[in-house]
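# Examining the three-dimensional arrangement
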Amino acid sequence: MSSRFEDDLNTLEIDDFVTVDLTLSRQIHRSFGVFAGVSNLFDDHHIVRRATNGLTWIGAPRLVHFGVRFDYR
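The sections below set out a description of the structure shown in this document.

Thresholds applied
- Residues numbered from 1 in each chain as written.
- Predicted model: local features only at pLDDT ≥ 70, side-chain atom pairs only at ≥ 80, totals over all residues.
- Heavy atoms only, no water.
- Salt bridge = Lys/Arg side-chain N within 4 Å of Asp/Glu carboxyl O.
- Helix = DSSP H or I, 4+ residues; strand = E, 2+ residues; numbered from the N terminus.
- Buried < 20%, exposed > 50% of the residue type's maximum accessible area, 1.4 Å probe, protein only.
- Pairing = 2+ DSSP bridges.
- Axes fitted to C-alpha atoms, helices over the stretch in contact; angles between N-to-C directions.

### Quick notes on the pattern of salt bridges
Once their charged atoms are close, side chains differing in charge can pair, the charge on each being opposite to the other. One pass over the full model with this rule turns up 1 salt bridge. Here Arg49 ties to Glu6 by a salt bridge, and the two come within 3.2 Å at their closest N and O atoms. With Arg49 in strand β5 (residues 47–50) and Glu6 in the loop between β1 (4–5) and β2 (13–14), this residue pair connects regions lying 43 residues apart in the sequence. Overall, the relative accessible area of 44% leaves Arg49 in the partly exposed class.

Have a look at this one:
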């Protein structure tokens with residue numbers, strides 16, 4: 001994300017940040033596959049929202065997900 005502002009007057013700037021996501025997927029059979037992924041791979045703590053009273057909201061931490069995919073055609 002590049003630099004952006006919380007308000008319409010452009011007074012509450014929110015710093016830019018970079019996150020890295022990774023997803024791996026493997027088709028095991030014609031109708032069956034598996035996948036795994038990581039969001040925010042380096043567990044970067046970044047501000048996603050800022051209020052006029054000084055409160056800030058931090059983005060999601062590292063998230064890991066995995067699953068299976070079925071296709072019944």
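### With respect to the sheet that holds strand β7 (residues 63–70)
A sheet is described by the order of its strands in space; here 3 strands give the open sequence β3-β4-β7, paired in antiparallel fashion. At either margin of the open sheet sits one strand with a lone partner, and together these are β3 (22–29) and β7. Between one strand and the next, the sheet's axes are offset by a mean angle of 10°, whatever the strand orientation. Bridge count between strand β4 (residues 32–39) and β7: 8 bridges; the pairing is antiparallel. By the bridge assignment for β7, Val38 is matched with Val64.

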